[in-house]
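Chain and residue survey
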Amino acid sequence: MFNIILFGPPGSGKGTQSEKLIAKYNLKHLSTGDLLRSEIARQTSLGLEAKKYMDEGNLVPDAVVIGMIDDALDNNPGVEGFLFDGFPRTAIQAEALDELLARKNTCIDVMLALVVSEEELVKRLVKRGETSGRADDDNEQVIRARLIEYQKKTAAVADHYRKENKVDMVKGEGTIDEIFSLLCSEIDRLKALHNC
Ligand code: B4P
């Protein structure tokens, strides 16, 4: 298996690039944001609970998202690899992910971290908010809260993988195709080395 974490702040393009990467490398896309939004749309009790946090720009409790990823891993046996998008977002989630993958005799090959300035992030999310209908893109205050939450709880997740020499910083500004091409060069280089 070849397992990738696509990492970066809200609006850095994780969702956008994930769509292209899973098609090219035949990976299973696991986006905790998408999984949570699907729970909300179906009005499950998990979704109703998560919505309270998401609408404020806060992270959903670790146990909820770890449980969702655990189920998703079990429900996708035999895939060539996973692309984790928006997960892990805390140190606790990173440790849980390592354990879940170890149980399946695999691990994270690389964390690709998209680097985008705060000014550009806010610009993108405000623009998406004009059409997405997403409550968390709806006003700049919530967008700023998400960026603060990222700095407080998520940015340090990269340190967890840096200790294992698995972090690659990739320029996340430019056209979508330019960024995609940078990500592919890294993946092609690493696939040859194959860590896990
Ligand atoms: P997510 O769904 O993960 O979304 P995101 O961080 O807002 O966006 P992403 O980085 O994927 O940006 P995108 O490609 O869409 O999280 C939403 C919420 O769910 C969180 O705030 C949290 O509450 C909760 N949650 C999710 N996972 C969690 C977890 N593990 N633990 C706890 N809570 C969790 O791009 C954004 C915009 O930029 C788009 O409009 C796109 O078109 C545009 N764009 C992309 N690339 C561009 C480029 N190169 N140039 C110009 N625009 C670009």
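Note that this is a predicted model, so its numbers are computed, not measured.

Here we come to the nonpolar core. Formed by 29 residues in total, the largest nonpolar core has its most connected members in Phe84, Leu97 and Tyr161. Mapped onto this core, the elements with two or more residues apiece are strand 1 (4-7), helix 3 (45-55), helix 4 (62-74), strand 3 (82-85), helix 5 (91-103), strand 4 (110-115) and helix 8 (157-162). Broken down by element, this core gets its largest block of residues, 6 residues, from helix 4. In this structure, Ile4, Leu21, Leu27 and Leu114 belong to the second largest nonpolar core, which totals 18 residues.

Here the focus is the site of the ligand. Contacts to the ligand come from 29 residues, most closely from Thr16, Thr32, Asn58, Arg128 and Arg146. Between Arg89 and the ligand, the recorded distance is 3.0 Å, taken from a side-chain N or O atom to a nitrogen atom. A distance of 2.4 Å separates an oxygen atom of the ligand from a polar side-chain atom of Arg128. Out of a free accessible area of 1000 Å², the ligand has 87% covered by protein chains. For the shell around the ligand, the secondary-structure elements that each account for two or more residues are helix 1 (14-25), helix 2 (32-41), helix 6 (118-132) and helix 9 (176-193). Top element by residues in the shell around the ligand is helix 2. It accounts for 4 residues. Along the lines of polarity and charge, the residues of the shell around the ligand split into 10 nonpolar, 11 polar and 8 charged.

Before going further, it helps to examine the side chain of Thr106. Within the fold, Thr106 resides in the loop between helix 5 and strand 4. Setting aside residues no more than four positions away along its own chain, Thr106 makes contact with Met1, Asn3, Leu101 and Cys196.

Quick look at the pattern of salt bridges now. Enumeration over the complete set of coordinates arrives at 20 salt bridges. Here Arg144 makes a salt bridge to Glu118, at a shortest N to O gap of 3.1 Å. Note that Arg144 is positioned in helix 7 (residues 140-154) and Glu118 in helix 6, a separation of 26 residues in sequence. A relative accessible area of 35% places Arg144 in the partly exposed class. Here Asp136 makes a salt bridge to Arg146, at a shortest N to O gap of 3.9 Å.

The subject of this paragraph is unusual backbone geometry. Put simply, Phe87 and Pro88 share a cis peptide bond, and its omega is 0°. Tracing the sequence through the fold places Pro88 in the loop between strand 3 and helix 5. At Gln43, a position not held by glycine, the phi torsion is positive, near 55°. Of note in the backbone geometry, Asn165 takes a positive phi value of approximately 60° without being a glycine. On the secondary structure map, Asn165 appears in the loop between helix 8 and strand 5 (167-171).

About the cut-offs
- Residues numbered from 1 in each chain as written.
- Predicted model: local features only at pLDDT ≥ 70, side-chain atom pairs only at ≥ 80, totals over all residues.
- Heavy atoms only, no water.
- Core = buried A, V, L, I, M, F, W, Y, C linked by side-chain atoms within 4.5 Å.
- Buried < 20%, exposed > 50% of the residue type's maximum accessible area, 1.4 Å probe, protein only.
- Helix = DSSP H or I, 4+ residues; strand = E, 2+ residues; numbered from the N terminus.
- Near = heavy atom within 4 Å.
- Polar contact = N/O pair within 3.5 Å; in protein donor to acceptor, adjacent residues only side chain to side chain.
- Areas by Shrake-Rupley, 256 points an atom, 1.4 Å probe, with all protein chains shown as cover.
- Nonpolar A, V, L, I, M, F, W, Y, C, P; charged D, E, K, R; others polar.
- Contact = heavy atoms within 4.5 Å.
- Salt bridge = Lys/Arg side-chain N within 4 Å of Asp/Glu carboxyl O.

By themselves these figures say nothing about function.
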